[in-house]
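Notes for the structure review
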Amino acid sequence: MHVTVPVDLPGRAYDILIGPGVLDQAGALIAAMGGRKHVCILTDANVAPLHLAALQDALTADGLTAEALVLPAGEGTKSWRHLEQSVEWLLAQKVERGDVVVAFGGGVIGDLAGFAAAILRRGVRFVQIPTSLLAQVDSSVGGKTGINSPSGKNLIGAFHQPSLVLADTALLGTLPARDFLAGYGEVVKYGLLGDAAFFDWLEAEAPALARGDMDARVRAVQRSCEMKAEIVQRDETEQGDRALLNLGHTFCHALEAATGYSDRLLHGEGVAIGCALAFELSARLGLCSQEDPSRLRAHLREMGMKVDIRDIPGDLPDAEALLAMMGQDKKVKDGKLRFILARGIGAVFITSDVPREAVLAVLQDALRT
Ligand code: NAD
């Protein structure tokens, strides 16, 4: 049994299928898309030994052949080097304009494979089969693809929508607990940015979800995808409202840069800390009550997540340096920092009108406490 969330973009509409076992439908669904009977899969070295055989079985059961390129796991794979390797491999596999490339992994593989598909022969179709919670609730949906540059994260990329997303929630069973919780950071973000009732539900159900309750996992992925789809339909290329999805990300990207994009801080962990900082900043600016950041922090703590900057192991640069790293962020417009701030849980807005001193004070206090 699965649920379907449609992404209704003109000329580029696609479905997100969510539920345990949707991987088994991969062959039938991809065969129905036309193209050659040969499917090329990009995956990583953690996912391949656990799940690649099941995907290949599902594809061959419907008369397709499947070949996979197994890339190293980790953020470092979102690089020019692995993009080149992927594109050259796809060309060697003779992928043509009508064919379908499959991204089978977490957000790293999804972003890299999506970008490779976007530029290969000026664009081939691709299917996202996200295997991490973060990828199922966020990165596989909405068409942002890309790689990192030495100058910053996600600075090279393209909008390229997938033709189908298969979010098999059973695959999350093998995800390490730390990666699961990092993905949960993005789930919480959806409650915070636009659905207070969802945040209430998470406060009650997230412990069961983390323990493996499948109905709760499907519900959380579904609600997250519905919210992302709704925003992407309104603003596909981030001219306005799509930036709401970046709640917590201005802080997060500075912290990721400060920790060298290493496993000292996973992206979703940075998002959770960033959301807590964005709510703290909002409360200090008198936009929301002090109870809101406190409630958020209590929930993240209860889930065993990183909440504060001080939870990041190792030394960090000072507040001025972190602020300078925010300036590298793509969310900078005309030299002004753009923030997503909150009037309360479920009510956020975009603003460039944030006093530098207020941000600095929040960072200074966060580094001290
Ligand atoms: P990831 O792809 O590195 O996956 C996390 C870890 O889990 C990796 O070690 C991976 O090998 C492993 N893994 C994945 N699925 C597994 C499974 N089922 N069982 C066991 N191990 C598994 O990272 P992520 O957290 O999925 O994604 C982070 C990336 O997503 C970042 O690069 C971020 O910039 C990007 N992102 C993109 C968007 C977007 O809109 N395109 C949105 C949010 C994040």
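Described below are features of the structure shown in this document. None of these values were measured; they are calculated from a predicted model. (Residues numbered from 1 in each chain as written. Predicted model: local features only at pLDDT ≥ 70, side-chain atom pairs only at ≥ 80, totals over all residues. Heavy atoms only, no water.)

Turning our attention to the pattern of salt bridges. Across all of its chains, the model carries 25 salt bridges by this definition. Here D195 makes a salt bridge to R223, at a shortest N to O gap of 2.7 Å. With D195 in the loop between helix 6 (177-194) and helix 7 (196-211) and R223 in helix 8 (residues 214-234), the pair connects residues that are 28 residues apart, well separated along the chain. There is no split in this pair, since D195 and R223 are both buried. Three or more residues are tied together by salt bridges with common partners; here these are E75, K78, D111, K153 and E256. (Salt bridge = Lys/Arg side-chain N within 4 Å of Asp/Glu carboxyl O. Helix = DSSP H or I, 4+ residues; strand = E, 2+ residues; numbered from the N terminus. Buried < 20%, exposed > 50% of the residue type's maximum accessible area, 1.4 Å probe, protein only.)

As a further point, take the site of the ligand. Taken together, 28 residues surround the ligand, and among them D44, G107, T131, S132 and T174 come closest. N154 places a polar side-chain atom, nitrogen or oxygen, 3.4 Å from an oxygen atom of the ligand. Here T174 contributes a side-chain N or O atom positioned 2.7 Å from a nitrogen atom of the ligand. Burial of the ligand by the protein chains amounts to 90% of its free accessible area of 860 Å². Grouping the amino acids of the shell around the ligand by side-chain chemistry returns eight nonpolar, 10 polar and 10 charged. Counting contributing residues, the shell around the ligand receives three or more from each of domain 1 (3-174) and domain 2 (177-368). (Near = heavy atom within 4 Å. Polar contact = N/O pair within 3.5 Å; in protein donor to acceptor, adjacent residues only side chain to side chain. Areas by Shrake-Rupley, 256 points an atom, 1.4 Å probe, with all protein chains shown as cover. Nonpolar A, V, L, I, M, F, W, Y, C, P; charged D, E, K, R; others polar. Domains from an automatic or database assignment.)

As for its placement among the helices and strands, D99 is situated in the loop between helix 3 (80-92) and strand 5 (100-105). At a separation of 3.0 Å, a polar atom in the side chain of D99 contacts the side chain of R36. Ignoring any residue separated from it by four or fewer positions in sequence, one finds D99 in contact with G35, R36, K94, V124 and R125. (Contact = heavy atoms within 4.5 Å.)

Turning next to the sheet that holds strand 2 (residues 14-19). Overall, mixed pairing links the seven strands, which are arranged 1-2-9-6-5-3-4 in an open sheet. What marks the edges here is a single partner per strand, and that holds for strand 1 (3-7) and strand 4 (65-71). Sheet twist, expressed as the mean angle between neighbouring strand axes with direction ignored, is 20°. Strand direction decides the pairing type here: strand 3 (residues 38-44) and strand 5, joined by four bridges, are parallel. Within the sheet, the bridge partner assigned to I41 lies in strand 5 and is V102. Contacting strand 3, strand 4, strand 5 and strand 6 (125-130), helix 4 (residues 107-119) crosses the sheet at an angle of about 165° to strand 5. (Pairing = 2+ DSSP bridges. Axes fitted to C-alpha atoms, helices over the stretch in contact; angles between N-to-C directions.)

Once that is clear, we can look at helix 6. Along its 18 residues, helix 6 runs 26 Å from first to last C-alpha, staying within 8% of the 26 Å computed at 1.5 Å per residue. Here helix 6 lies mainly inside the structure; 14 of its 18 residues are buried. (Expected span 1.5 Å × (residues − 1).)

All right, on to the nonpolar core then. Membership of the largest hydrophobic core comes to 84 residues, with the highest contact counts inside it found for Y184 and I309. In terms of residue count, helix 10 (residues 267-284) provides more of this core than any other element does, 10 residues in total. Both domain 1 (3-174) and domain 2 (177-368) contribute no fewer than three residues apiece to this core. Discounting chain neighbours no more than four positions away, the residues touching Y184 are L133, L202, A206, L209, H299, M303 and M305. Judged by nonpolar contacts, the second largest core, of 24 residues, contains V39, L55, L64 and L164. (Core = buried A, V, L, I, M, F, W, Y, C linked by side-chain atoms within 4.5 Å.)

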